[in-house]
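# Inside the fold
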Amino acid sequence: MEIKTLKNYKELSSTVADIVEYTLTLPEPKLILPTGSTPLGLYKELVNRQLDWSTTTTYNLDEYVDNTIQNQSYRYFMMENLFKHINMDDDNIYFSGDTAVWPDLSYGTEVDLCLLGIGGNGHIAFNEPGSSFESETRMVDLTEETIKDNSRFFPSINDVPTQAVTMGLKPIMSSKKIILMANGKHKKDILEQAMYGDITENIPASVLQTHTNMETFYCD
Ligand code: PGA
């Protein structure tokens, strides 16, 4: 497993945007998308490129379980940073937790491309350390470390939701292609453990080593 180190955040964003742009040329493309600070540059770049998203379906990796948050929900994040700027059909946008419409990705939905960030504890989506590699989409309790990490997006740590619905590791791994993005020196150590260390449920991202079509992009 190779970690491809890019010059800077701009290059990371445009390299991944090239892969998304290619994916959007496939018939009825299906993408799994992340939130967080890492994909912000990518989404900006994709908006600037004015691509055709009209036949695309997207599945977001996770969503908080908390009806009181508005501007911090991942739905709001995705609307503001991507969806309201592109020509997606609203009916083709899925979020974890939309239980009425959430298709079970493990059974038959062929996702062309899954984009991921990595948490400081090695989580992908909200699959925290200890998550089974066979896990399905489900409700989870967030770890203290993740709550602390995410408090930067909230007025105070007490406002951070403690539960979320996350796509499981099994549906993530069933994607045809996976891209893992990491931005910043503070991610380097966990990224190296995940990509070069033991494959262990203590570092959920380490399962990605077993995927046959996976690329990892990093910048300082
Ligand atoms: P970040 O989060 O992109 O804000 O660093 C990544 C993650 O926790 O999955």
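Use the structure listed above.
Quick caveat: nothing in here was measured; it's all calculated off a predicted structure. (Residues numbered from 1 in each chain as written. Predicted model: local features only at pLDDT ≥ 70, side-chain atom pairs only at ≥ 80, totals over all residues. Heavy atoms only, no water.)

### Topic: the sheet that holds strand E3 (residues 57–60)
- On the basis of which strands lie adjacent, the open sheet formed by 7 strands has the order E1-E10-E9-E6-E2-E3-E5 and parallel pairing. For this open sheet the edge positions go to strand E1 (3–5) and strand E5 (93–95), each flanked by a neighbour on one side alone. Here the strands of the sheet are splayed against their neighbours by 20 degrees on average, with no regard to which way each runs.
- The pairing of strand E6 (residues 113–116) with strand E9 (residues 178–183) spans 3 bridges and is classified as parallel. (Pairing = 2+ DSSP bridges. Helix = DSSP H or I, 4+ residues; strand = E, 2+ residues; numbered from the N terminus. Axes fitted to C-alpha atoms, helices over the stretch in contact; angles between N-to-C directions.)

### Observations concerning the side chain of Asp112
- For Asp112, the location among the structural elements is in the loop between E5 and E6.
- Judged by its relative accessible area of 13%, Asp112 falls in the buried class.
- Looking at Asp112, its side chain comes within polar contact range of the main-chain nitrogen of Lys30, at 2.8 Å.
- Of note is the side chain of Asp112, whose polar atom sits 3.3 Å from the side chain of Lys176.
- In contact with Asp112, not counting residues within four places along its chain, are Thr23, Leu26, Glu28, Pro29, Lys30, Lys176 and Lys177. (Buried < 20%, exposed > 50% of the residue type's maximum accessible area, 1.4 Å probe, protein only. Polar contact = N/O pair within 3.5 Å; in protein donor to acceptor, adjacent residues only side chain to side chain. Contact = heavy atoms within 4.5 Å.)

### A word on the packing of helix H2 (residues 40–49) against helix H3 (residues 74–81)
- The contact between H2 and H3 brings their axes to 10 Å, and the two run at 40 degrees. By the angle between their axes, H2 is oblique relative to H3. Of the residues in H3, those in contact with Leu40, Tyr43 and Val47 of H2 are Phe77, Met78 and Asn81. (Parallel < 35°, antiparallel > 145°, perpendicular 65-115°, else oblique.)

### Focus: the site of the ligand
- Around the ligand sit Gly36, Ser37, Thr38, Gly117, Ile118, Gly119, His123, Arg152 and Lys187, and that is every residue in its neighbourhood.
- One nitrogen or oxygen atom from the side chain of His123 is found 2.8 Å from an oxygen atom belonging to the ligand.
- Arg152 places a side-chain nitrogen or oxygen 2.6 Å from an oxygen atom of the ligand.
- In isolation the ligand offers 280 Å² of accessible surface; the protein chains occlude 83% of this area.
- For the shell around the ligand, the class distribution of residues is 1 nonpolar, 6 polar and 2 charged. (Near = heavy atom within 4 Å. Areas by Shrake-Rupley, 256 points an atom, 1.4 Å probe, with all protein chains shown as cover. Nonpolar A, V, L, I, M, F, W, Y, C, P; charged D, E, K, R; others polar.)

### Considerations on helix H1 (residues 9–23)
- Spanning 15 residues, H1 covers 21 Å between terminal C-alpha atoms, matching the ideal 21 Å at 1.5 Å per step.
- Between the side-chain oxygen at the start of H1 and the backbone nitrogen of Lys10 there is a gap of 3.2 Å, and the oxygen is on Asn8. (Expected span 1.5 Å × (residues − 1).)

### Concerning the sheet that holds strand E4 (residues 62–64)
- Across the sheet, which stays open at both edges, the 3 strands sit in the order E4-E8-E7 with antiparallel pairing between neighbours. A strand with exactly one partner marks an edge of an open sheet, and here the two such strands are E4 and strand E7 (138–141). If you compare each strand with its neighbour and ignore which way they point, the axes differ by 30 degrees on average.
- Bridging between E7 and strand E8 (residues 163–166) involves 4 bridges; their strand directions are antiparallel. Pairing of Asp141 across the sheet is with Gln163, part of E8.

### A few points about the pattern of salt bridges
- A complete count under the given rule lists 10 salt bridges for this structure.
- The partner of Glu110 in a salt bridge is Lys176, with the nearest N and O atoms 4.0 Å apart. Of the two residues, Glu110 sits in the loop between E5 and E6 while Lys176 sits in the loop between helix H5 (169–173) and E9, which places them 66 residues apart along the sequence.
- Judged by relative accessible area, which is 41%, Lys176 ranks as partly exposed.
- In this structure, Glu215 engages Lys177 in a salt bridge whose closest nitrogen and oxygen atoms are separated by 3.0 Å. Here Glu215 is found in strand E10 (residues 214–219), whereas its partner Lys177 is found in the loop between H5 and E9, with 38 residues between them in sequence.
- Residue classification places Glu215 among the buried residues on the basis of a relative accessible area of 19%.
- According to the relative accessible area criterion, Lys177 is buried, its value standing at 17%. (Salt bridge = Lys/Arg side-chain N within 4 Å of Asp/Glu carboxyl O.)

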